[in-house]
Amino acid sequence: MENWSVDQVCNWLRQRNLEELVPKFREEEVSGAALLALNDRMVQQLVKKIGHQAVLMDLINKYQQQNSGLESLTHCYETASPKFPEVVSGKNLKSFFARYKTLQWTSSYALPDFPYDVKCILSEKKCPDHSMRIRIIEFLQADMTKYLEGSLYPNSQQYNIVVNALLQTYPFLNEDGNGFLLWKRALKDRFKYVRRPIEDDEQVLRNKCKFGHRRGQTKKSSFAEHKPHDVQVQREEEPVHLEGSAMDVHINWLKQEYMKTQRNWKEVDNRMNVTIEIRRKMISDKAPLKDILRLFPFLRCPYQLFREFQLLTHMDIYKKTVEILEIYSENILSLYVVRNNPINIMLQENLKRHTEEDILKYMKMTAACLLLPDVFGDDSSLFAAVNEEVKAVTPVLEVKNPFNVNSCEFALYVEREELAQLDDCTMALAALVAAFHVFNIPCPKRIHRTLNFLESLVFEVRSPASLPTQVKRGLEAPEYPST
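Note that the structure is predicted; figures quoted are calculated from it, not measured.

*Asks:* Residues and numbers for the packing of helix 18 (residues 317-334) against helix 21 (residues 425-438), please.
*Replies:* Axis separation between helix 18 and helix 21 bottoms out at 9 Å; the angle between their running directions is 120 degrees. With respect to each other, helix 18 and helix 21 are oriented oblique. Crossing of helix 18 over helix 21 shows right-handed handedness. Where helix 18 abuts helix 21, its residues Ile317, Tyr318, Thr321, Val322 and Leu325 lie against Cys425, Thr426, Met427, Leu429, Ala430 and Val433. A class-by-class count of the residues in the contact of helix 18 with helix 21 yields 9 nonpolar, 2 polar and no charged.

Listed below in structure tokens is the structure:
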């Protein structure tokens, strides 16, 4: 690795599902030697997401450990405390060093150097708000990962050491004497959140299997193979921590706020973040949709639906959908298979009535969206009901007057009940894809090719599904640009 070029480093990142880091590594000219020289502070400046920071440091540390072999272990054993007289070999060796490292924590751990804004709040001895608490927890988690040499599984004693260090340095954070349990719980949850999307780390996979994750289990639909992360939040080590009255407070606030015309969206975001684990558990346990929406009515809002999707997959579904329709709409309309389709005929009739470029583009994107199932030979009734009654139980769009700029309507239906009103075809298509993921609904076989095509582009898989090749005059679908 020391002699790798920048290109080789970028390929190494791609192989480990860290493609998002490639542009920045190219910009900073990070070669193999530079990669191995990175410390945790450099990584924090180079990589924005805490989860990516942890994975990157873990990979670097593992490589360095492999090269160092057993020399460092032998040195630790020879200089360790005489409290461990047993023969150190095999399993005893692992046990010995686990205990030795725990002893090192008690004497060497120091709080990280918090960012400037966090320091300001702490220096004023003010109790931080929700967003500032998250910032503190993120930095503690990253710092603990450094001390753990890349491991994402601290033991209970190590959690205690870190939280005690925090509260001893900043006693005012120990609110009403309950601060220790609250900060420890939050820190544990942060580690679980970071571990959740990781798929190529042996230790993480082993523990996921141990605590209920099924490695390599059969997906419920073919297009689910392209999901970068599970949409279900599985239980690992701890049960859902929001229980009883604490849970009721958040749910009641969300229900009351939903009834208002002027909503506090920042607080809505905060409380939806706090309640996501219990919400995902309800969905995973197949709770009735009406009960989920009764407790969390903001999932009816397209913004919150897209936000939930992004929390689960780290993808901006609306932005991706805009790109897909802009790139592929002309190609879809050029397919021979849609020439005599009623939607296309309706489009051609309406195109003659307008000359404005924006309106023409909007109409073509709408038609391309509605024609997708016909392009792939799928059942269009499971995708959109155009000027007719919704009959499908799975997520489906209701579309009225699609090419009338003044009276067109889009709505998302689930279980034949209207879930959300939508502004246009782009928002409608994004909401349809998001609904399958957010509510963990299996994809019907008769629509799976269409959704497989959309998801392969949303999740930027290396070999995305393409449009059928039977294109008028041999026109081929363009390659989807990397983003």
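On we go from here.
*Asks:* So what about the nonpolar core? Which residues, and what values?
*Replies:* Membership of the largest hydrophobic core comes to 84 residues, with the highest contact counts inside it found for Phe296, Leu412, Leu422 and Phe439. Residue contributions to this core peak at 12 residues, all from helix 21. Non-local contacts of Phe296, meaning those with residues more than four positions away in its chain, are made with Met247, Ile251, Leu254, Thr275, Ile278, Arg279 and Met282. Counting 27 residues, the second largest nonpolar core, distinct from the first, contains Leu152, Tyr159, Leu167 and Phe191.

*Asks:* Before we move on, could you go through the environment of Leu140 and cite the residues and values that matter?
*Replies:* In this structure, Leu140 sits in helix 9 (residues 130-147). Expressed as a C-alpha distance, the spacing of Leu140 and Leu166, which sit 26 residues apart in the sequence, is 9.2 Å. Beyond its immediate chain neighbours, meaning those up to four positions away, Leu140 contacts Tyr109, Leu111, Pro112, Phe114, Val162, Leu166 and Leu187.

*Asks:* Before we move on, could you go through the packing of helix 19 (residues 342-351) against helix 20 (residues 357-375) and cite the residues and values that matter?
*Replies:* Look at helix 19 against helix 20: their axes get within 10 Å of each other, and the N-to-C directions meet at 175 degrees. The angle between the axes of helix 19 and helix 20 places the two elements in the roughly antiparallel class. Residues Ile343, Asn344, Leu347, Asn350 and Leu351 of helix 19 lie in contact with helix 20, whose contacting residues are Leu360, Met363, Lys364, Ala367, Leu370 and Leu371. Tallied by class, residues from the contact of helix 19 with helix 20 come to 8 nonpolar, 2 polar and 1 charged.

*Asks:* Which residues make up the pairing of strand 3 (residues 409-414), and what are the values?
*Replies:* Extensive coverage of strand 3 is indicated by the burial of 5 of its 6 residues. The pairing of strand 2 (residues 396-400) with strand 3 spans 5 bridges and is antiparallel. Residue pairing for strand 3: Val399 is matched across the bridge by Phe410. In the sheet, strand 3 pairs with strand 4 (residues 417-422) via 5 bridges, with the strands oriented antiparallel.

Each value, and the rule that gives it
Sequence order as written defines the numbering, with residues in each chain counted from 1. In keeping with the model being predicted, local features are shown solely for residues with a pLDDT of at least 70 and side-chain atom pairs are shown and tallied solely at 80 or more, while totals for entire chains, interfaces and linings include all residues. Side-chain metrics rest on all non-hydrogen atoms present in the structure, leaving aside hydrogens and water. For helices, the fitted axis covers only the stretch in contact; all axes are lines through C-alpha atoms, and the angles between them, taken along N-to-C directions, range from 0 to 180 degrees. Here a strand is any run of E in DSSP of at least two residues, a helix any run of H or I of at least four, and the numbering for each starts at the N terminus. To sort the angles, those under 35 degrees are grouped as roughly parallel, those over 145 as roughly antiparallel, those from 65 to 115 as roughly perpendicular, and the leftovers as oblique. Handedness of a crossing follows from how the near helix is turned relative to the far one, being left-handed for an anticlockwise turn of less than a right angle and right-handed for a clockwise one. Here a residue-residue contact requires only that any non-hydrogen atoms of the pair lie within 4.5 Å. Here the term charged refers only to Asp, Glu, Lys and Arg, the term nonpolar to Ala, Val, Leu, Ile, Met, Phe, Trp, Tyr, Cys and Pro, and the term polar to all other amino acids, Gly among them. Only buried residues count toward a nonpolar core, which is a set of Ala, Val, Leu, Ile, Met, Phe, Trp, Tyr and Cys residues joined through side-chain atoms within 4.5 Å. Throughout this description, buried means an accessible area under 20% of the type-specific maximum (1.4 Å probe, protein chains only), exposed means over 50%, and partly exposed covers the range between. Note: two strands are recorded as paired if DSSP finds a minimum of 2 bridges between them.

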